[in-house]
Structure formats: C-alpha cells, structure tokens
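Below are the chains, spelled out letter by letter.
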Amino acid sequence: MTDDINATDNFAANVASAVFSQYEKLPKRGKPQIKKEWTLLAGIVCETKSEDSQSYNTGFYQGSRLKVVALGTGSKCMGKSQVGVKGDIVRDSHAEVIARRSFLLYIYKELRKVYTKVESEIFNPPTEETDWKCPLKPDVSFHFFTSRIPCGDASIIPKLIESHHNGWKDETVNDAHGVDDDSCISGKRKLDLEAGDSNQQGERKVPRVENSKEHEEENLKLQDGDIYRTGAKCVPGEEPDPLTFDSKYHTVGVLRTKPGRGERTDSMSCSDKLAKWSVVGCQGALLSMFLSRPLYFTSIIVGRSPFSQGAMERALNSRVMKLMGKLSAPYNMVRPSLLQTNKYEFECSHMALAQQLKMVHGQAMAQDESVKRLPRIVPCPAAIAWHCGDTYNHDVIVQGKRQGMVKADLDKPKARSLVCSLSLFQQFHSLLTMIKQEQRSSALQSYYTTDPLTYYQTKQLATDYQNAWNLLLQHCFPLWVRKSTSASHFTLSS
C-alpha cells in the first residue's frame, strides 16, 4: 500500500501544502488573532489516481490528484457538566475531531449525488450485489494531516533536537537550534533544502516501522531521558502516571481522556480516536449503512513539530494488534503509513507563534530596556469546520455552539453547528428519505422515517460496525470511556 501511493517526504509535503493552502483561502472568521492566539490544524485529502492535469482546487503528485475535502481547527474540549442530551453541542473541538466531522458532511454530499443520478467524485452507484451500499471508487484513497502530533499516547515522546535541514529528530539532547523565520509563505513556513541535499529527491526520512513482534514490544516502552508530556489523563482503571521524573513521568500505551478547563472530560484523546478509526473506519456507524466498505486513512501525516515514529506506531498501530484475525469482512486491520513532513510549519501553531514573538521581543528589548516580559499567547477559543462542495460549508464553533449566538438563542436551531451530532443525524435522515424502501441496505430495511428511532437506536442498526467496535473494546480498549446513553437518546424533534 505504501508503494502504491509512493508515500515519500515529497508526498507528505504535497499533502501538507494542499491543506495549508486551503486554510489560507478560508475567511478570517474563527482564525487566531495575530501574535496573540494559536490553534491546531487538521485536514483530510482525497487522492485520485489520474493522468488528467487540469482540475479545480487540486494539486498533482506523480500522476495522482490531491484535493482537500475537509478541514478542522481547534484545541478545546468541554467538561462533562457542560454537555447536554440533545446532541446539539460539539463537545470535542480538537482539530482532528472537527476535520473528521467535516469529512462526514463531505461524504453525505457525495452520497446525495449518487442517489440523484449525478456522478460522484468518490463513489460508484449501489447495486443489489453490494446490498444497495455505495462502493468507493478503486482509484480513490484518503490521507489525514495534522499540524502537530495527536494528543494522548502518541505525544509522549523523547525531547528532540531541531535541525534546519532535517527538522525534528527522534533523540534526546540538551539544546535545540533555532529556525530561520525569513521563509514564511502564506499559512505555512517553508524550510528550503540546500542544493545537493539527498532529501530533495524524495528519499523518505521517516521509514515505516515493520510489523514485527519485536517492534511492537519496543514501541510500548519509553527510553530513558527527558520527554514531552501530555495533558491527557489516564482513564479510570488504567495504570496511572507515576508523575516522577524524565521518562518515568507518564505511563505509555494506555487510554487517555482530554483535559478540560478545570473539569475532566469524557472525550478520548486523538491518539485513541485515530487508533479506533484504523479498525472501524472514520465514517462512523450511521454512514456505514450506506457504504459497502469502511473508509480508512491510507496515511497519517504530521506537520513540522516534535515527532517520534516509535510513539506513533505504539499509539496508533501496536495497541490494536490483538485484533489480528478476529475481524469479519468488510472490516479489516489497517495500518496507515505514519509520516512526517519537515518542509512546512503551520504559522498559527503554538511553536511558530512563540518563536516569532521571541524574535520580535528580543528586538524590542534591545531598543527599550523597560521591555521585560514576553507577550502572553493563548489558545484560540474558536474552532473552524470546513468541507468541500456545499454552498454553506464553513462553520465557526465556540463552546460547542455556532459563534455569534446570544444567550437567548443558544437553544434554537440556528445555534447548532453543522458538525454537531444532531445536525449529522439530520443529514442521515435527509439522505435516507431520498432512497426507495426496496433500494435500501438490509441494515436500513427496518428504519421507517414516519416513526424515527433515537440517535442511539439508529446507530445500533449498523450491526457489522457495532460488531467490529465491540471486538475492539473487548480485546484492545476495555476501559474506553463510553458516553452516557442519555446523551445519545435524542431524536430529530428533540
């Protein structure tokens, strides 16, 4: 699979460049305040094998067409007490989660094309042989990009050294080299390689870790030395963090929930969610009833930031290896290629902003001795959800609701984000009403739009998906924090 997509440094850089370029095209609303706020960025890129060299809003790499189909920004997560039971609040606004939810809207849009006899970019029409589910076109694949290593287990890595030419290396050192900020271009910071550098030829710097037992055991350990720490908390029942010193501070390989502001959340870390999506797919239970196979990411690409190949393998691949041979078709064990690009840095990242401010502050101190303290930088309170295609495809979320709502309107439909669970449930229901009863998949034969089920009950109809999910819980993640069923027992009329 890796050979098929030629997942080299150049490919990863092309994916990152496409995501950054699309982010630059978005309106200013929801983006961080310059020199004051930072955020994270994630995106999903569709790759189509193509010899055509002309296409709208796309880039090409060695015969493949790359198109950004979903974006998400954000770093916030709501505490347990802030989450309602109507499905109208986005509880987890980390960029990776928002990008994936935006991707679901893109999938619904493409499925509506199929059922209205319009050719889809990514799906073939359903047939009786496919149980009236839509197959993904054979030349289509999806790649997941995140500007920083996912929170949770994947982010527990050794402290690194930064090199101007090779970016972040997986080794422990006492100091780090600075980065030349003079090469800022639009929403990304490009680190040009000197002529003659072997990496200019697309030679991969981050090789795929082989699927050996020795590698899996090694990846679940952490070498001695100082490490980067995560704010994500071990779930109840897991071995707790020792909180001692250096590499002994964290327990690795365990499930974690995201930290909230003063209150614990019940949202699993992005490392855990990405590991889940590599087993059950990123489409979720509802969409699985329209698709002949789950949608898996062919690669997961991390932007220029502290990075460890071993930690990524440990967090995203090794922890789910107990499922090998236990899943039934169409579900499968998918080990995405884990890559990093050091060519571009997200200009709105915490690291990039801190470096910019240090440089500016240093100049100010040289001119005025009264300047003593660096300006405070804070996370951007807003999250952006964007997907390709629809007329209204850009949403800004603050504290789980659409930005700009006054308190009196927070419970009204206009305050709902496009990517909240209730809105996505409406997308499901709208698509279903377009399909004749006899042309629905077997899972949906018992669903009647005149007497709709709750969100939770509808997801249970996806038996193949639920079987795969339950196997994952049983064999790999028995301590996964499940949200209360009351939070999922809403209907469209709720």
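These numbers come from a predicted model, not from an experiment.

The rules we used
Residues numbered from 1 in each chain as written. Predicted model: local features only at pLDDT ≥ 70, side-chain atom pairs only at ≥ 80, totals over all residues. Heavy atoms only, no water. Helix = DSSP H or I, 4+ residues; strand = E, 2+ residues; numbered from the N terminus. Buried < 20%, exposed > 50% of the residue type's maximum accessible area, 1.4 Å probe, protein only. Contact = heavy atoms within 4.5 Å. Areas by Shrake-Rupley, 256 points an atom, 1.4 Å probe, with all protein chains shown as cover. Pairing = 2+ DSSP bridges. Core = buried A, V, L, I, M, F, W, Y, C linked by side-chain atoms within 4.5 Å. Expected span 1.5 Å × (residues − 1). Salt bridge = Lys/Arg side-chain N within 4 Å of Asp/Glu carboxyl O. Polar contact = N/O pair within 3.5 Å; in protein donor to acceptor, adjacent residues only side chain to side chain.

S.K.: Describe the overall build of the protein chain, listing the residues and the values that go with them.
M.R.: In terms of regular secondary structure, the protein chain is built from 11 helices and 20 strands. Counting across all 494 residues of the protein chain, residues that qualify as buried make up 56%. Taking contacts inside the protein chain between residues at least 6 apart in sequence as the whole, the part at least 24 apart equals 69%. In the form shown here, the protein chain has an accessible surface area of approximately 22200 Å², with 49% of it arising from carbon and sulfur atoms.

S.K.: Please provide a residue-by-residue account of the pairing of strand S2 (residues 41-49), values included.
M.R.: Across the 9 residues that make up S2, a large majority, 8, are buried. In this sheet, strand S4 (residues 64-73) lies alongside S2 in antiparallel orientation, the contact comprising 9 bridges. By the bridge assignment for S4, Glu47 is matched with Leu66. Relative to strand S7 (residues 140-146), S2 is paired through 7 bridges, and the arrangement is antiparallel. Bridged to Val45 within S7 is His143.

S.K.: So what's going on with the environment of Ile122? Residues and values would help.
M.R.: Structurally, the position occupied by Ile122 is in the loop between helix H3 (95-115) and S7. Sequence separation between Ile122 and Glu47 is 75 residues; the distance between their C-alpha atoms is 9.7 Å. Residues contacting Ile122, with those up to four places away along its chain left out, are Cys46, Tyr106, Ile107, Glu110, Pro135, Leu136, Lys137, Val140 and Phe142.

S.K.: So what about unusual backbone geometry? Which residues, and what values?
M.R.: That bond from Ala329 to Pro330 is cis: its omega, 10°, falls within 30 degrees of zero. With phi around 65°, Lys35 is a residue other than glycine that occupies positive phi space. Looking at where Lys35 falls in the secondary structure, it is placed in the loop between helix H2 (9-25) and strand S1 (37-38). The class of Lys35 is partly exposed, set by a relative accessible area of 47%.

S.K.: Which residues make up the nonpolar core, and what are the values?
M.R.: Burial of nonpolar side chains together is a common tendency in soluble globular proteins. In terms of nonpolar packing, the biggest core is built from 119 residues, with Phe103, Ile107, Leu111, Phe142, Phe290, Met312 and Phe428 touching the most fellow members. Of the residues forming this core, the biggest block, 12 residues, is contributed by H3. Phe142 has contacts with Ile44, Val45, Cys46, Phe103, Ile122, Leu136, Leu295, Tyr296, Phe297, Thr298 and Ser299, leaving out every residue within four places of it along the chain.

S.K.: Describe helix H5 (residues 270-280), and please don't skip the residues or the numbers.
M.R.: Where burial is concerned, most of H5 is hidden: 11 out of the 11 residues are buried. Positive phi shows up at Gly281, right after H5, with a value of about 90°.

S.K.: Residue-level account of H2, with values.
M.R.: In this model H2 runs 25 Å from its N-terminal to its C-terminal C-alpha over 17 residues, within 8% of the 24 Å that 1.5 Å per residue would give. Along H2, the residues classified as buried are Asp9, Phe11, Ala12, Ala13, Val15, Ala16, Ser17, Val19, Phe20, Gln22 and Tyr23.

S.K.: Lay out the pattern of salt bridges in plain terms, naming residues and giving numbers.
M.R.: Within the structure shown, the criterion is met by 16 salt bridges. Measuring nitrogen to oxygen at the nearest pair gives 3.0 Å for the salt bridge that ties Glu110 to Lys109. On the basis of relative accessibility, which here comes to 0%, the residue Glu110 falls in the buried class. The exposure class assigned to Lys109 is buried, which follows from its relative accessible area of 8%. A salt bridge links Asp395 to Arg402, with the shortest nitrogen-to-oxygen separation between them at 3.0 Å. Both residues of the pair, Asp395 and Arg402, belong to the buried class. What emerges from the salt-bridge pattern is a single network uniting Asp92, Lys258 and Lys273.

S.K.: Give me the lowdown on the side chain of Asn393, citing residues and values where you can.
M.R.: Inspection of the secondary structure puts Asn393 in the loop between strand S18 (382-387) and strand S19 (394-398). Its relative accessible area of 15% is what places Asn393 among the buried residues. Within polar-contact distance, the side chain of Asn393 engages the backbone oxygen of His387 at 2.8 Å.

S.K.: Please give an account of the side chain of Asp272 that cites residues and values.
M.R.: Along the chain, Asp272 falls in helix H5. Engagement of the side chain of Asp272 in a polar contact is seen with the side chain of Ser269, the distance being 2.9 Å. Leave out the neighbours within four places in its chain, and Asp272 touches Val254, Leu255, Arg256, Arg319 and Trp480.

S.K.: Lay out the environment of Val396 in plain terms, naming residues and giving numbers.
M.R.: Considering the arrangement of structural elements, one finds Val396 in strand S19. Classification of Val396 as buried rests on a relative accessible area of 0%. Through-space distance from the C-alpha of Val396 to that of Gly30 is 5.6 Å; in sequence the pair is 366 residues apart. Beyond its immediate sequence surroundings of up to four residues, Val396 is in contact with Arg29, Gly30, Ala382, Ala383, Ile384, Lys401, Arg402 and Gln403.

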